[in-house]
Amino acid sequence: MSDAFEAVIGLEIHAQLLTATKIFCGCPTAFGAPPNANACPVCVGLPGALPVLNRKAVDLAVTAAVALGCEVHERSVFARKNYFYPDLPKGYQISQYEQPLATGGGLALPRPRQGFGEAGSEGEKFVRLTRIHMEEDAGKSLHEGFPDSDRKTYLDYNRSGVPLIEIVTEPDMRSAAEAAAFFETLRQILVWLRVNDGNMDEGSLRCDANVSVRRKGDSRLGTKAEVKNVNSFRYLEKAIDYEIGRHIDVLEHGGRIVQETRLFDAAQGKTYSMRSKEEAHDYRYFPEPDLPPLLVTAARRQAIAQALPELPDERRRRFIEQYALPAYDAALLTQTRGVADYFEETARQSGNAKAASNWVMGEVLRAMKERAIEIDAVPVAPPALAGLIAIVEKGTISSTVAKDVFAKMYESGRAAGDIVAGEGLAQISDSSSLEPIVRRVVSAHGDIVAEIRAGKDRKFQFLVGQVMKETRGKGDPKLVTDLMRAAIHS
Ligand SMILES: [Zn+2]
């Protein structure tokens, strides 16, 4: 970015609440049903149908608001946001407007990983929230044959009436990277709270960005453009960077920014205009007459606050303190609540937190990544992994063999001890079995032995490796090393 300018970014995030049914009717929210299988008179807006608010949706919205430090209002009001679009058959969306569920709050961004954040150089960045309100989602239009004359539009109302919260930030971010970091951190928390499934491909988490640019030192905000419906962290960063560049370019050439809504074209890496301010809707909001004001009592709010799980940041800090783990480990282990639980259970059962951490960060996360599965689908449960850690600690098997044992546990579901005994994998740690192999290797590599005796120790590990190879990795490495030294220097 040109040094003369500063970007000002605010985000609006729509998150689907993880309820079984829609916000105002009993239709399922399940993704992937045949078109219009999950629709009823309420969610397609037939005359006379009345909405009934989903209690669970309110609990989840309050959970998110409390976790993000917002003030949850005892009384909030649903309103009609009027506009006409084929995917909105009622002609209005039920949303909250003047009196939202919650206001205030915010989120601290993690320190940038490398090169920044050294003590005293750059502190934590805090992004304030303006509000969190509840609303219903609209349906979906599917177009075919555009732009030919033989074009068709299909309408699927399965999403119509799916419960959402909209989280609106203050314009506190100053770079695309900060905006992406905010979205990523927010996603982690919402998924952690089990308020949202974090699935951006299926549209259950979407982000709009308001971007403007001003000359440094200017306190007034520049004219903003809104980039709609970005559904990945990388695209969000690219879309905002593109917008910042476009704004600066216009301003530097003496032009004026037009307030408008834009869309991001991922293939081109560019944004393009969707509609200008002149075409913007006048939503003619008014209170929804079919719903009473939403009342959240202090008791209900407190009960939700008390049931809140330990949040990722708190847990990361506790892992460092309680288990003496490096910050790197703690950060990786708290990416999801499931992984954090898995690690902690393994640490407890094995009594060896660092070993548990190494296993989870290594083999467990690798297996999850390779198979694209979540932690609850990993067939090696914490007690089984703790069993493997105990066998390694006792010195029964080497860490190399342990990785193979883990793979076999994963495939067969058998316990580590059974695999080690059944396949004769136990480490060879008696000298009488290893000595003949060491002698054989020494006599087969007389030239190397001579070099080592002459003081060139470089190839010593090669000889140890030959012994390990002959024992198929089962030789106790420390004992093999000792025996090899003795054999060469005797
Ligand atoms: Zn319905």
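Residues numbered from 1 in each chain as written. Predicted model: local features only at pLDDT ≥ 70, side-chain atom pairs only at ≥ 80, totals over all residues. Heavy atoms only, no water.

## Considering the overall build of the chain
Put simply, the test is: Numbering of helices and strands starts at the N terminus; helices are DSSP runs of H or I of at least 4 residues and strands are runs of E of at least 2. In this treatment the radius of gyration is a C-alpha quantity, and the globule benchmark scales as 2.2 Å times the residue count to the 0.38 power. The method behind every accessible area is Shrake-Rupley, applied with a 1.4 Å probe, and residues are considered shielded solely by the protein chains displayed. Lys and Arg are tallied as positive, Asp and Glu as negative. Neither His nor the chain termini are counted. To locate a charge, the coordinates of NZ of Lys, CZ of Arg, CG of Asp or CD of Glu are taken.
A count of helices and strands for the chain gives 15 helices and 17 strands. Taken over the C-alpha trace, the chain has a radius of gyration of 30 Å; the compact-globule value for 490 residues is 23 Å, which it surpasses by more than 25%. If one aligns the C-alpha atoms of the chain with their principal axes, the spans along those axes are about 95 × 55 × 55 Å. Only carbon and sulfur atoms are counted for the fraction: they give 51% of the accessible area of the chain, which is about 24,900 Å². A gap of 2 Å separates the mean positions of the 62 positive and 66 negative side-chain charges of the chain.

## Comments concerning the confidence of the model for the chain
In low-pLDDT segments, the atomic positions of the prediction should not be examined closely. The condition that has to hold: Scored from 0 to 100, pLDDT records how confident the predictor is in each individual residue. Contacts are assigned to residue pairs with any non-hydrogen atoms lying within 4.5 Å of each other.
Per-residue pLDDT for the chain has a mean of 92; in total, 96% of the residues score no lower than 70. Within the model, the stretch residues 113–121 combines pLDDT values under 50 with five contacts to residues more than four positions away or in other chains.

## Concerning the coordination of the zinc ion
Selection criterion: Here a donor is any nitrogen, oxygen or sulfur atom (N, O, S) within 2.8 Å of the metal, with 3.2 Å used for Na, K and Ca; water is not among the atoms considered, so some sites may look incomplete. Under this scheme a four-donor centre is tetrahedral when all angles range from 85 to 135 degrees, a four-donor centre is square planar and a six-donor centre octahedral when opposite donors are above 155 degrees with the rest from 65 to 115, and any other centre is irregular. Remark: exposure states derive from per-residue accessible area (1.4 Å probe, protein chains only) relative to the maximum for the residue type, with buried under 20%, exposed over 50%, and partly exposed in between.
Surrounding the zinc ion are the protein donor atoms Cys25 (SG), Cys27 (SG), Cys40 (SG) and Cys43 (SG), at 2.3 to 2.4 Å. Geometry at the zinc ion is tetrahedral, judged from its four donor atoms and the angles of 101 to 114° they form at the metal. Sequence positions of the donors to the zinc ion reduce to the motif C-x1-C-x12-C-x2-C. A relative accessible area of 8% places Cys27 in the buried class.

## Side note on the nonpolar core
Note the cut-off: Only buried residues count toward a nonpolar core. Its members are Ala, Val, Leu, Ile, Met, Phe, Trp, Tyr and Cys residues joined through side-chain atoms within 4.5 Å.
Core analysis: the biggest nonpolar cluster contains 101 residues, and Leu11, Met134, Ile165, Phe182, Phe343, Leu388 and Val405 have the highest contact counts within it. Top contributing element to this core by residue count: helix α8 (residues 353–371), with nine residues. Beyond its immediate sequence surroundings of up to four residues, Phe182 is in contact with Leu11, Ile13, Leu107, Leu109, Val127, Leu129, Thr169 and Met173. The next biggest cluster of nonpolar side chains, apart from the first, holds 18 residues, and it includes Leu434, Val442, Val449 and Ile452.

## What about the pattern of salt bridges?
Basically, it comes down to this: In what follows, salt bridge is the name for a side-chain nitrogen of Lys or Arg lying within 4 Å of a carboxyl oxygen of Asp or Glu.
Throughout the structure, instances matching the rule amount to 34 salt bridges. We note a salt bridge from Glu310 to Arg318, for which the minimum N-O separation is 2.8 Å. Taking the relative accessible area as the measure of exposure, Glu310 reaches 28% and is therefore partly exposed. What emerges from the salt-bridge pattern is a single network uniting Glu310, Arg315, Arg318, Asp341 and Glu344.

## Observations concerning the side chain of Asn82
Test applied: Polar contact criterion, stated in full: a pair of N or O atoms within 3.5 Å, where within protein one must be able to donate a hydrogen and the other to accept it, and residues adjacent in sequence count only if both atoms are side-chain atoms.
Looking at the element boundaries, Asn82 is found in strand β4 (residues 78–82). At 2.7 Å, the side chain of Asn82 forms a polar contact with the backbone oxygen of Arg284. With residues near it in sequence (within four places) discarded, Asn82 still touches Gly91, Tyr92, Asp282, Tyr283, Arg284, Tyr285 and Phe286.

## Regarding the packing of aromatic side chains
What counts, and what does not: Stacked, tilted and edge-to-face are the three classes applied to pairs of Phe, Tyr and Trp rings, where Trp contributes its six-membered ring and a pair requires centres within 6.5 Å; stacked means planes under 30 degrees apart, edge-to-face means over 60, and tilted covers the rest.
Scanning the entire structure with this criterion turns up 11 aromatic pairs. Ring centres of Phe183 and Phe233 lie 5.3 Å apart, and the angle between their planes is 80°; this geometry places the pair in the edge-to-face category. Here Phe183, found in helix α2 (residues 176–192), pairs with Phe233, found in helix α3 (residues 233–252); they are 50 residues apart in sequence, far enough to count as distant. Overall, the relative accessible area of 0% leaves Phe183 in the buried class.

## Some remarks on α3
Convention followed: Each helix should span, by expectation, one fewer than its residue count multiplied by 1.5 Å.
For α3, spanning 20 residues, the distance from its first C-alpha to its last is 29 Å, which sits close to the expected 28 Å at 1.5 Å a residue. Every buried residue of α3 is listed here: Phe233, Leu236, Ala239, Ile240, Glu243, Ile244, Arg246, His247 and Ile248. Those residues of α3 that are buried are in contact with β1 (5–16), α2, β12 (205–215), β13 (225–230), β14 (260–265) and β15 (270–276). Gly254, located one to two residues past α3, shows a positive phi value of around 75°.

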